[in-house]
Amino acid sequence: MQARQAPRLTRMSEDTAARPESVRVPRFGLSGKLLVLTILFVMIAEVLIYVPSVANFRVTWLKDRLQTGYTAALVLDAAPNGMVPDSLAKQILDSIGARQLGSLPVLINAGGTKVLFTEADLYDYAGLWLRGDNRGGLDADFPRHPREMKENGVRDRRVLSREAYVAVAKDRKELPWRVLAIADEDGDLLTNTLVYQLSRPAAGDADFSWVKSGKAAWDWWNDNNIYNVDFRAGINTATYKYYVDFAARYGLAYIILDEGWSPVGDITRVVPDLNMEELLAYARQKKVGVILWVSWLSLDKQLESALDLYQRWGIAGIKVDFIQRDDQLMINYYERVARATADRKMLVDFHGACKPTGLDRQYPNALTREGVYGNENSKWDYAGNPWGLGPEHNVTIPFTRMVAGTMDYTPGAMLNAQKEDWAAIYRNPMSEGTRCQQLAMYVVYESPLQMLCDNPTHYYKEPECMDFLSAVPTEWDSTVVLQAKVGNYVAVARKAHNGDWYIGAMTDWTPRDLSLDLSFLGGGDWRMDNWQDGINADRNAQDFKRIQGLKVSAGQTLTVHLAPGGGFAAKVRKAE
């Protein structure tokens, strides 16, 4: 994660008059704290009608200038009782009706100026959603407090009915920030850290020096479909030792045992084919950490006993899945899990989750979360899905979802296809777009726990790509935006702790040449290793070319060609 500095803020705080005990917070409203950039406060005062407890978020002043509104979730006819896939729907704001629902963050394009609306410091309250009103406005809505719930199998607890209020507060309540991030240049969204800055920090005496970011070999996306081995691949000791060997060879910090290592309903048991004690001893010998997948419901029931067991085993962290709600009870669940894992020096990755709201500032062990329509959906997406995966989606989410916080997109596909050749294949999935677009994601997408989603057998066949994937960091000292246009292209440079620079560039389905200003390098001579789309990448998306040892300097402008759905990745180091 890059270094963060506190911006100058103008704060409009909510009325802090004392409330009676067990206050029922009304269902509608933007109750909370509103952040705007100081120099733009007067303009924003025209945008937002702000009244504690009952208000509408209005953007009618943008109506005549409006081009297209981007939401960070599929707009559905639904009530805010569950999470929706974080795919993207472009909507003219006037056309969004009251029965259409969108999750945050929402990005509005108003005459070229981008306005991103989201929330921060969300604790003990419900997450905010938005509805349209067919008049160029957006109304706030919240998942109401659950009244009656019923377990739906071993994975979920379904809400059957809800109260008329949003939250219950025992005393005076700190409510979330409502954040407006305003950018005249699209690239400014990529370096906006307001959600993090506005969220509460860790306690002064808290020690998180043990938290270790890094990359992880992940089994679920590739369905444990390894081959060229002498054992039956599956959820068993031999297969996971194979993952440990792969991680150790390429310097990956972790392997993840996804769903199947235990019965879903009892996460303290291990399936018969897996010898956990033997595997963990082997991983310790190879200096590879192990992260375990759990369903949120099982963890809710077995939180203390399961985490105590994992601590005795020496588990590095957990991946919590199928959370799928953000009412008050579930927002409290996120904090409870983050605190319980921190107490035991474990990491946590929230999967099947709502958007981030700064929890990782108080609990740095909460390294990343999904909350995005990511690479896993390539296993069942369909060709031509207007809100599905693909390069246009991939170059939009850095400006929407990623502004809210770290993003577990799970990149790294080694089977790549152009649009007309792509198909959803569950056991042997492929990505839309080129190989180099997948490599570039490790620079463009920010996640301190970054997955290598594909089959280790495939990675072993791609040593040139592994030279990049084994080296690229997951934490950064600084970020420079080189080129950016929402939904079209993005190029960034990030500086690693050791002084090396990495460049990632991605485009939509339109091939293009991008000019990259290398002035960020500073003085002296540098050597660049490039991974770029091959001459035939427009036909075969796996085609790439590697160029090693290219001499570059801060005075240069580098022009790179991106194929349709293409990408570019580079490592730049000081010349010796």
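Residues numbered from 1 in each chain as written. Predicted model: local features only at pLDDT ≥ 70, side-chain atom pairs only at ≥ 80, totals over all residues. Heavy atoms only, no water.

1. A few points about the sheet that holds strand E17 (residues 214-218)
Stage number 1. Ordered in space as E22-E21-E20-E19-E18-E17-E25, the seven strands form an open sheet in which the pairing is parallel. Of all the strands in the sheet, the pair left with one neighbour each is strand E22 (366-369) and strand E25 (449-452). Sheet twist, expressed as the mean angle between neighbouring strand axes with direction ignored, is 25°.
Stage number 2. Relative to strand E20 (residues 317-321), strand E19 (residues 289-295) runs parallel, the two sharing five bridges. Bridged to valine 294 within E20 is valine 320. (Pairing = 2+ DSSP bridges. Helix = DSSP H or I, 4+ residues; strand = E, 2+ residues; numbered from the N terminus. Axes fitted to C-alpha atoms, helices over the stretch in contact; angles between N-to-C directions.)

2. Here we look at the sheet that holds strand E27 (residues 489-495)
Stage number 1. With antiparallel pairing, six strands are arranged side by side in an open sheet as E26-E27-E28-E33-E30-E31. Both outer strands of the open sheet, strand E26 (478-485) and strand E31 (544-552), are each paired with one neighbouring strand and no more. Neighbour-to-neighbour, the strand axes of the sheet open up by a mean angle of 15°, direction not taken into account.
Stage number 2. Pairing of strand E30 (residues 526-533) with strand E33 (residues 567-574) involves seven bridges; the strand directions are antiparallel. What sits directly across from glutamine 532, in E33, is phenylalanine 568.
Stage number 3. Helix H10 (residues 435-444) contacts E27, strand E28 (501-507), E30, E31 and E33 of the sheet and is inclined by roughly 130° relative to E28. (Contact = heavy atoms within 4.5 Å.)

3. Digging into the confidence of the model for the protein chain
Stage number 1. On average, residues of the protein chain score 85 in pLDDT, and 84% of them are at 70 or above.
Stage number 2. Taken together, the stretch residues 34-86 has pLDDT below 50 and engages in 174 contacts with residues farther than four places along the chain or on a different chain. (pLDDT = per-residue confidence, 0-100.)

4. Quick look at the pattern of salt bridges
Stage number 1. Under the counting rule described, the total for this entry stands at 24 salt bridges.
Stage number 2. Notably, a salt bridge pairs glutamate 119 with lysine 355, separated by 2.6 Å at the nearest N-O pair. Taken together, the residues glutamate 119 in strand E10 (residues 113-120) and lysine 355 in the loop between strand E21 (347-350) and helix H7 (359-362) connect sequence positions 236 residues apart. Comparing glutamate 119 with lysine 355, the two get one shared label, buried.
Stage number 3. Of the charged contacts, one joins arginine 147 and glutamate 163 as a salt bridge, the two residues approaching to 3.3 Å between their closest N and O atoms. Linking arginine 147 in strand E13 (residues 146-152) with glutamate 163 in the loop between strand E14 (156-162) and strand E15 (165-169), this pair joins segments that are 16 residues apart in sequence.
Stage number 4. Among the charged side chains, a salt-bridge network with shared partners connects Glu151, Arg157, Asp300, Lys301 and Arg336. (Salt bridge = Lys/Arg side-chain N within 4 Å of Asp/Glu carboxyl O. Buried < 20%, exposed > 50% of the residue type's maximum accessible area, 1.4 Å probe, protein only.)

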